[in-house]
Amino acid sequence: MTSAGRLRAMHAIGGPLVFLLLIAAPISEIDYPIRASLGLLIWMSWWWISQPVHLAVTGLLPLVVLALFDFLPVLDILPAYAQPLVILIVGANILAALWTRWGLDRRIALVALLGIGTSTRQQILAWFVIATVLSSFLPNTAVAAAMMPIVVAMLRFIGIEKIDKSVFGSALLIAVAWGTSVGGSGTPVGGAPNLLTVQFIESELIDHEFLFTTWVARILPLTVLTALVAFVFMRFAFRPEMDRVEGTRTYFADELQGMGRMQAPEWWGLALFSAATLLAFTRQFYAEFLPGLTPAFAFLVCAIICFLPRYKGEALLTWEYAQSRMVWGLIYLFAGGSALGQILSRTGTAQFLADLLTGFAVGGGGTAIVIFVVLTVALSQITSNTAAIAIVIPITISTFQSLGLNAIPIVYIVAAAGNYGLVLPSSSGGCAIAAGYGVNLKLMSVWGS
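Asker: How do you make sense of the overall build of the protein chain when you look at a structure like this?
Answerer: Along the protein chain, the regular secondary structure elements total 24 helices and two strands. Burial statistics for the protein chain: of 449 residues in total, 54% are counted as buried. Residue pairs in contact within the protein chain that sit at least 24 positions apart in sequence constitute 74% of those at least 6 positions apart. Surface accessibility of the protein chain: about 19400 Å² in total, with carbon and sulfur atoms responsible for 67%.

Below, the structure written as structure tokens:
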């Protein structure tokens, strides 16, 4: 066996071995479901990073492990494999397939290269800034779902098919994922964790309506500072394998001109994707009349429409073509991360980890702030950021109130930290979508740490 084969075998055996050791450990102080959940967390994290098997295979582990070891009913986490974001990913994939079918992805890639420039560092930073700004005002997962197909289209056009083998390709997807995470903390509408925090503030700390302008005044400066730090880090830490995308502006301009004017199928692709994105971002205006049309189903509606029109006697899109270009692994990867988060929450494992750290915060002051921020960031890596906020904010409020201290400042800081899930696919929608498109998870975990 080669050294690479031995290393792969070590990683393949290491994850399940740790799981078995933890469930067999004679530790009566820690309940069996918690030990099993911790073992599954380590197993999945290990395999996601070392990749002895495909990422999607790791995403299926919760179903298999629960069926075999029964520390939580397997039917409890089965809905994670058909949740709304999974539907959104399916819809977005079908719409992207329509782009590829008629060359719209190539046209958009050329426009992006001409607009942003061919410098790889410039591309990385520009996409990060765009994602950060958009996710400050729009749901961060929806921003990631809308932007990443465009990035992937550009990468494919310049010849990068296997994104995990390209530092530049992975860096672009990571830049978008990080941008949606960092920008998501800027305003209450940036994501569900922020709205949940507002709910906690209104119900536990104040006796009047919480104004969104208050959030912006308190947290936006921290968001801007974090974005600047991330910007500088990416500028110097990300080292793409190329300084510039091969080709010159003249070449790309000639290629774009050679494509001619947009044809009807391209307009259909652009219109349907734009309609889905617009519906996702303007949900608040029609939710009362169409309560079931969440962003996920808006994308699915537009995706189904793709199969209906015909152009010169030919269907715009066929299922055979669409399914061959769908990123099926992304679906099981994200679903597995969500299922893991539910397991940690339902077995009390997340609360157990929280309780281990909160004991160090009883003195208040700077130590308490550090403890709660570290706790929030750690939980947001292994479960959804919404779940992390749901766990930590109530503990933060009760701890500081018991000490007779004002909890609101630390709640703001914890809420911002809850958006910074940057390491594992399970940490945020942006990271999950990036992983599904083939980002190098070793790079994401190292850079995100």
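Asker: Where do I start with the state of the cysteines in this structure?
Answerer: Each disulfide is one covalent bond, formed between the sulfur atoms of two cysteines. The final tally for this structure, using the stated rule, is zero disulfides. Lacking any disulfide linkage, Cys306 is separated from the closest cysteine sulfur, that of Cys302, by 7.7 Å.

Asker: Honestly, the side chain of Arg35 in this entry has me stumped. Any pointers?
Answerer: Turning to its location among the elements, Arg35 is positioned in helix 2 (residues 32–50). One buried charged residue, Arg35, forms no salt bridge at all, with the nearest opposite charge on Asp31 at 7.1 Å. Only 3.2 Å separates the side chain of Arg35 from the backbone oxygen of Leu22, close enough to count as a polar contact. Among the polar contacts listed, one links the side chain of Arg35 to the backbone oxygen of Ile23, at a separation of 2.8 Å. Apart from the residues lying within four places of it in its own chain, the contact partners of Arg35 are Leu22, Ile23, Ala24, Ala25, Ile27 and Ile30.

Asker: It is not clear to me how the pattern of salt bridges should be interpreted in this structure. Could you clarify?
Answerer: It is possible for side chains of opposite charge to pair when their charged atoms get near one another. Inspection of the entire model under this criterion finds three salt bridges. The salt bridge partner of Glu314 is Arg101, with a shortest N-O separation of 2.0 Å. Placement of the pair is Glu314 in strand 2 (residues 314–315) and Arg101 in helix 6 (residues 84–102), with a sequence separation of 213 residues. Since its relative accessible area comes to 37%, Glu314 is described here as partly exposed. Among the residues examined, Arg101 registers a relative accessible area of 25% and is labelled partly exposed.

Asker: Looking at this structure, I do not really get the nonpolar core. What am I missing?
Answerer: As a rule of thumb, soluble globular proteins bury nonpolar side chains together. Of all hydrophobic cores here, the largest spans 128 residues; its most connected members are Leu40, Phe71, Trp127, Met148 and Leu173. For this core, the element with the highest residue contribution is helix 6, accounting for eleven residues. When near neighbours in sequence (up to four residues on either side) are disregarded, Trp127 contacts Ala112, Ile116, Met147, Ile150, Val151, Met154, Leu172 and Val176.

Asker: Looking at this structure, I do not really get helix 10 (residues 167–183). What am I missing?
Answerer: Each α-helix winds once per 3.6 residues, and so residues spaced three or four apart point in a common direction. The end-to-end C-alpha distance of helix 10, which contains 17 residues, comes to 23 Å, matching closely the 24 Å that a straight helix rising 1.5 Å per residue would cover. Burial analysis of helix 10 places 16 of its 17 residues in the buried class, which makes it a mostly covered element. Capping the start of helix 10, Ser166 holds a side-chain oxygen 3.3 Å from the backbone nitrogen of Phe168, two or three residues further along.

Asker: Where do I start with helix 22 (residues 408–417) in this structure?
Answerer: Along helix 22, eight of the ten residues are buried, which leaves the element largely enclosed by surrounding structure. For helix 22, the complete set of buried residues consists of Ile408, Ile410, Val411, Tyr412, Val414, Ala415, Ala416 and Ala417.

Asker: Would you take a moment to explain the confidence of the model for the protein chain for this structure?
Answerer: Fine structural detail should not be taken from predicted coordinates in areas where pLDDT scores are low. Here the protein chain averages 80 in pLDDT, and 87% of its residues register 70 or above. By mean pLDDT, helix 24 (residues 441–448) is the weakest element of the protein chain at 70, and helix 4 (residues 61–69) is the strongest at 94.

Asker: Is there a simple way to explain a nonpolar patch on the surface in this structure?
Answerer: Together, Val129, Val133, Phe231, Val232 and Phe236 give the surface a local cluster of nonpolar side chains, amounting to about 430 Å² of exposed area. If you list the elements that add at least two residues to the nonpolar patch, you get helix 8 (120–135) and helix 12 (212–237). Counting residues per element, the nonpolar patch draws most heavily on helix 12, at three residues.

Asker: What should I look at first to understand unusual backbone geometry in this one?
Answerer: Across the chain, the bulk of peptide bonds are trans and the bulk of non-glycine residues have phi less than zero. One non-glycine residue with positive phi stands out, namely Asp70, at about 50°. Structurally, Asp70 is set in the loop between helix 4 and helix 5 (74–77). Residue Asp70 is classed as exposed on the basis of its relative accessible area of 59%.

Rules and cut-offs
Residues numbered from 1 in each chain as written. Predicted model: local features only at pLDDT ≥ 70, side-chain atom pairs only at ≥ 80, totals over all residues. Heavy atoms only, no water. Helix = DSSP H or I, 4+ residues; strand = E, 2+ residues; numbered from the N terminus. Buried < 20%, exposed > 50% of the residue type's maximum accessible area, 1.4 Å probe, protein only. Contact = heavy atoms within 4.5 Å. Areas by Shrake-Rupley, 256 points an atom, 1.4 Å probe, with all protein chains shown as cover. Disulfide = S-S within 2.5 Å. Lys, Arg positive; Asp, Glu negative; His and termini not counted. Salt bridge = Lys/Arg side-chain N within 4 Å of Asp/Glu carboxyl O. Polar contact = N/O pair within 3.5 Å; in protein donor to acceptor, adjacent residues only side chain to side chain. Core = buried A, V, L, I, M, F, W, Y, C linked by side-chain atoms within 4.5 Å. Expected span 1.5 Å × (residues − 1). pLDDT = per-residue confidence, 0-100. Patch = residues over 30% accessible without salt bridge, like charges linked within 9 Å, V, L, I, M, F, W, Y side chains within 5 Å.

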